[in-house]
Amino acid sequence: MARPDPAPDPDPGRAGWSAGRRRDRDTRRPEPAPTRRLTGQDADDPGPRKITVTRVAAWRTRNLTRAGVRAFHRAASADGADRSGLTALTYAWMANYASDAALAVALANTLFFSAASAESKDKVALYLLITVAPFALVAPVIGPLLDRVQRGRRWALAISTAGQGVLAVVLALFMDTWALYPAALGILVLSKSFGVLKAAVTPRVLPPGITLVTTNSRLTVFGLVASGVFGGIAAGVSYLAGSPGAAWLTAGICFAGIWLCLRIPRWVEVTEGEMETVLIPRPRTAAEPGRRDRPGARPRVRMSRHVVTALWANGTIRALTGFLTLFAAFVVKAQTEGTPGRQLLLLGVVGAAAGAGGFLGNALGARRRFDRPDLLLITALCAALASTVTAALVVGLATAAVVGLVGATASALLKVCLDAVVQRDMPEAARASAFGRSETILQLTWVFGGTLGVLLPPTWWIGFTVISAVLVIGTVQTVMTSRGRSLLPRRPA
């Protein structure tokens with residue numbers, strides 16, 4: 001059958017127009033996609049030409065890393081810190097924290113764990129010597145000596161860092177010999193000396209408009225970040241290359257730290273007009289020449305009662321943190337013998353609680369004005385005492401972690417309070433000396449607590465009962481000092 005004719009098109013020109021449109025659409029080239037305007041880091045690195053999952057992931061990782069580095073540098077340079085020299089000191093201080101963390105990882109399986117699991121008292125006594133001697137030497141001997149350094153503080157920082165690097169190389173080469181002990185001792189002594197020098201240099205690099213409280217809190221936070229990052233890196237290196245690998249990493253960080261120390265501006269060397277602080281004036285006879293009469297001697301100024309009160313409170317809480325650092329580790333090691341994975345997990349719980357407390361204490365301290373510092377000091381000590389008494393009654397790792405959290409928070413908060421009191425009560429010319437002296441005192445009290453943590457039996461309730469008694473004495477002494485009295489006998493004038 002014949003097909004019927006199609007119906008006539010009402011618009012004869014439409015059929016030709018539609019066919020031409022289809023022909024043009026089939027033959028024309030696709031329009032290029034609109035180009036994206038590249039700004040900032042994307043302009044420097046617009047991305048891979050050939051798109052693959054691996055290349056895009058690498059490009060994103062590279063850009064995120066660059067953004068993180070830029071954000072970190074902006075934070076370290078904020079408020080004029082790059083112009084005052086605080087940024088350079090921050091980087092050097094972070095290198096010191098990083099080397100300490102890497103060294104701790106390097107010594108974990110050689111010095112610490114062998115001493116913690118040793119039945120003989122010889123290894124425990126040797127470990128105690130290595131741990132305590134740096135503080136005991138720095139506090140009464142090296143600290144006052146460094147306080148009198150009036151020229152070459154940058155070079156003293158660099159030499160201290162270089163010495164740590166050289167001894168770390170010795171440590172890596174002779175890890176399984178007796179050279180381990182003097183090398184570890186020397187590194188720790190130089191590291192504590194670095195802390196005393198840093199405390200004396202800090203007032204010289206303050207940006208205008210920033211207080212010492214904010215500056216020291218900022219330095220502590222940056223140091224904790226560096227410690228966490230490089231401690232994790234050192235743990236990975238130790239897993240792959242053993243303890244010598246972590247020691248080599250420590251040496252590399254120290255050698256990089258030399259350059260960072262020398263980047264600190266030269267004006268930290270200018271100490272003209274500085275005054276020397278004294279905690280307890282030494283009595284002298286009429287025939288003995290005064291310190292001020294000696295040629296080249298700096299004028300001396302006595303620390304105020306509020307500063308001494310803050311020192312007593314900080315020393316008491318440092319005894320707690322030193323005790324918990326060593327005591328908790330020895331107890332965990334004794335109770336989980338033969339299960340290294342569980343040991344690391346339990347130690348990580350206490351360490352994480354202490355780290356969180358450090359960040360929390362600095363964050364709270366940076367926002368306070370410290371109008372009534374004595375009240376804050378006593379309140380923090382009472383909170384720490386309540387936690388240790390609870391840990392002595394309710395035995396377990398959970399309460400030990402609570403003590404770590406409360407103790408670290410109180411330690412950071414009281415240190416910020418001490419900085420504020422020094423800035424308020426001490427003349428500007430005496431602040432560098434005041435910080436140097438206070439740092440040595442705090443290190444010595446940490447030694448006392450750490451010694452208790454090593455010598456006491458590895459039993460939770462015994463240790464926390466003893467440290468609670470220490471906190472009671474320290475709290476009472478702090479209260480009496482704030483009222484102009486003391487548990488100690490008066491020194492004759």
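Structure report, in brief. A quick note: this is a predicted structure, and the numbers were derived from the prediction, not measured.

Calculation criteria
Residues numbered from 1 in each chain as written. Predicted model: local features only at pLDDT ≥ 70, side-chain atom pairs only at ≥ 80, totals over all residues. Heavy atoms only, no water. Helix = DSSP H or I, 4+ residues; strand = E, 2+ residues; numbered from the N terminus. Buried < 20%, exposed > 50% of the residue type's maximum accessible area, 1.4 Å probe, protein only. Areas by Shrake-Rupley, 256 points an atom, 1.4 Å probe, with all protein chains shown as cover. Phe/Tyr/Trp six-rings, centres within 6.5 Å; stacked < 30°, edge-to-face > 60°. Patch = residues over 30% accessible without salt bridge, like charges linked within 9 Å, V, L, I, M, F, W, Y side chains within 5 Å. Salt bridge = Lys/Arg side-chain N within 4 Å of Asp/Glu carboxyl O. Expected span 1.5 Å × (residues − 1). Bend = angle between axes of the 7 residues up to and from the residue. Axes fitted to C-alpha atoms, helices over the stretch in contact; angles between N-to-C directions. Parallel < 35°, antiparallel > 145°, perpendicular 65-115°, else oblique. Left-handed = near helix turned anticlockwise from the far one by under 90°. Nonpolar A, V, L, I, M, F, W, Y, C, P; charged D, E, K, R; others polar. Contact = heavy atoms within 4.5 Å.

## Here we look at the overall build of the chain
From N to C terminus, the chain includes 15 helices and 2 strands. In the chain, which comprises 493 residues, the proportion classed as buried is 47%. Of the roughly 25,400 Å² of accessible surface on the chain, 63% is carried by carbon and sulfur atoms.

## Examining the packing of aromatic side chains
Summed over the entire model, instances satisfying the criterion amount to 7 aromatic pairs. Relative to Tyr97, the ring of Trp93 has its centre 5.1 Å away and its plane inclined at 80°; by these criteria the two rings are edge-to-face. Note that Trp93 and Tyr97 are positioned in helix H5 (residues 86-116) at a spacing of 4 residues, about one turn of the helix. A relative accessible area of 22% means that Tyr97 is categorised as partly exposed. Centre to centre, the rings of Phe327 and Phe464 are 6.1 Å apart; their planes meet at 80°, and the pair counts as edge-to-face. Highlighted residues: Phe327 in helix H10 (residues 305-335) and Phe464 in helix H15 (residues 460-482), separated in sequence by 137 residues.

## Structural notes on a nonpolar patch on the surface
Among the surface-exposed residues, Val225, Val229, Phe230, Ile233 and Phe359 lie close enough to one another that they form a single nonpolar patch of about 380 Å² accessible area. The leading source of residues in the nonpolar patch is helix H9 (residues 212-262), at 4 residues. Considering the arrangement of structural elements, one finds Ile233 in helix H9.

## Side note on the pattern of salt bridges
The full count for this structure, using the stated rule, is 2 salt bridges. Lys415 serves as the salt-bridge partner of Asp419, at 2.8 Å between the closest nitrogen and oxygen. Taken together, the positions of Asp419 and Lys415, both in helix H13 (residues 397-425) and 4 residues apart, correspond to about one turn of that helix. Between Arg424 and Asp425 there is a salt bridge, with its nearest N and O atoms 2.8 Å apart. What makes Arg424 partly exposed here is its relative accessible area of 43%.

## Side note on H9
Between the first and last C-alpha of H9 there are merely 22 Å, a value that for 51 residues lags more than 12% behind the 75 Å anticipated at 1.5 Å per step. If you look at H9, its biggest bend is around 135°, right at Ala241, and the proline Pro244 turns up within four residues after that.

## Some words on the environment of Leu364
Along the chain, Leu364 falls in helix H11 (residues 340-366). Overall, the relative accessible area of 40% leaves Leu364 in the partly exposed class. Sequence separation of Leu364 and Ala412 is 48 residues, and the distance between their C-alpha atoms is 9.0 Å.

## What about the packing of helix H7 (residues 153-173) against H9?
Any two packed helices are characterised by the angle at which their axes cross and by the distance between the axes. At a minimum axis distance of 8 Å, the contact between H7 and H9 shows a crossing angle of 165°. Between H7 and H9, the angle falls in the class roughly antiparallel. Of the two possible hands of crossing, H7 and H9 adopt the one that is left-handed. Looking at side-chain class alone, the contact of H7 with H9 contains 19 nonpolar, 5 polar and 1 charged residues.

## Regarding the environment of Lys415
Residue class for Lys415 comes out buried when judged on its relative accessible area of 17%. Sequence separation between Lys415 and Leu311 is 104 residues, and the spatial gap between their C-alpha atoms is 8.9 Å. Not counting residues within four places of it along the chain, the set of residues in contact with Lys415 comprises Asn314, Arg318, Glu439 and Leu442.

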